[in-house]
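Observations on chain architecture
What follows is the residue order along each chain.
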Amino acid sequence: MQIHGKRDFDSKAATWDEEPRRVALAREVTAAIIREIPFVNGMDVLDYGCGSGLVTLGLQAHVGRIIGADSSQGMLDVLTGKVREQGLVNVSTRLIDLTSQDSLDGDFDVIVSSMTLHHVCDVPALISRFVRSLKPGGWLALADLEAEDGSFHDDPAGVCHHGFERSYLHGVLTDHGCSDIRVVQAAIVHKPRPDGGERLYPVLLAVGRKGL
Ligand SMILES: C[S@@+](CC[C@H](N)C(=O)[O-])C[C@H]1O[C@@H](n2cnc3c(N)ncnc32)[C@H](O)[C@@H]1O
């Protein structure tokens, strides 16, 4: 799919959490990740496309250290503010865009990403970079919209995919040598329609494990 310009997440960062639908979705995605991944003490985790840190902060109590990574400095500033306010010592941020030349240093036990894949045109290339940055036996947990008709975003800027088929996500993880792959429903977003009704958009969580 052709991408329509770049979405300006910096200008949305300060008010991102004011939309209850986003907060509820992040809470459900976080709960699904915690159900699907066997978190043990001291894990090093990356949340790629962390935004204001709704998922990052939901996971922090379950992990050793977590890095919130995003290509929007505005989003990272919001997350940093929350981290300071809550006095958290195991959460840090990193400005990074793996679709450019940025490199991902680190050796993670778990890499998660929520509602970011649809903004990345070359998803297999991104997943390849994720898998390279996982420890052997490390986990990937990727949440995004199930394939939809393009009505989810009112503004198409920066949207590369109208969600993903379950079989596509399963296939990309298989192609990158993952095992223990499953694609489950993590949440359903209820969006009001102009006619007063509502539209339901399922959100999937694809999980896979790098070979030992
Ligand atoms: C829809 S928001 C989701 C934020 C957060 N994960 C959540 O669930 O609330 C998408 C996020 O992905 C980030 N993003 C988009 N393209 C990116 C890229 N190529 N690299 C890193 N982050 C990216 C945006 O800046 C934005 O914060």
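Computed from a predicted structure; not experimentally measured.

Parameters and conventions
- Residues numbered from 1 in each chain as written.
- Predicted model: local features only at pLDDT ≥ 70, side-chain atom pairs only at ≥ 80, totals over all residues.
- Helix = DSSP H or I, 4+ residues; strand = E, 2+ residues; numbered from the N terminus.
- Rg over C-alpha atoms; globule rule 2.2 N^0.38 Å.
- Buried ≥ 20, exposed ≤ 12 C-beta atoms within 10 Å, placed from the backbone.
- Expected span 1.5 Å × (residues − 1).
- Arc of directions from axis to C-beta.
- Pairing = 2+ DSSP bridges.
- Axes fitted to C-alpha atoms, helices over the stretch in contact; angles between N-to-C directions.

In this section: the overall build of the protein. Looking only at helices and strands, the protein has 5 helices and 7 strands in total. Listing the helices and strands of the protein from first to last along the sequence gives α-β-α-β-α-β-β-α-β-α-β-β. For the protein, whose C-alpha radius of gyration is 16 Å, the value lies close to the compact-globule estimate of 17 Å for 212 residues. Taking the principal axes of the C-alpha coordinates as reference, the protein spans close to 50 × 40 × 35 Å. For the protein, buried positions account for 40% of its 212 residues.

Quick look at helix H3 (residues 73–86) now. One full turn of an α-helix is made of 3.6 residues, so residues set three or four places apart face in the same direction. With 14 residues, H3 should reach 20 Å at 1.5 Å per residue; the first-to-last C-alpha distance of 20 Å fits that figure. Those residues of H3 that fall on the buried side of the exposure criterion are Met75, Leu76, Val78, Leu79 and Val83. End-on view of H3: buried residues confined to an arc of 155°, all on one side of the axis. Along H3, the residues that are exposed and aim more than 90 degrees away from the buried face are Arg84 and Glu85. Following H3 by one or two positions, Gly87 has its phi on the positive side, about 65°.

Our focus in this paragraph is the sheet that holds strand S7 (residues 198–209). In spatial order, the strands read S3-S2-S1-S4-S5-S7-S6; together these 7 strands make up an open sheet with mixed pairing. At either end of the open sheet lies a strand with only one pairing partner, and these are strand S3 (91–95) and strand S6 (179–192). Across the sheet, the mean angle from the axis of one strand to that of its neighbour is 15°, orientation sign disregarded. Pairing analysis gives 11 bridges linking S6 to S7, with the strands arranged antiparallel.

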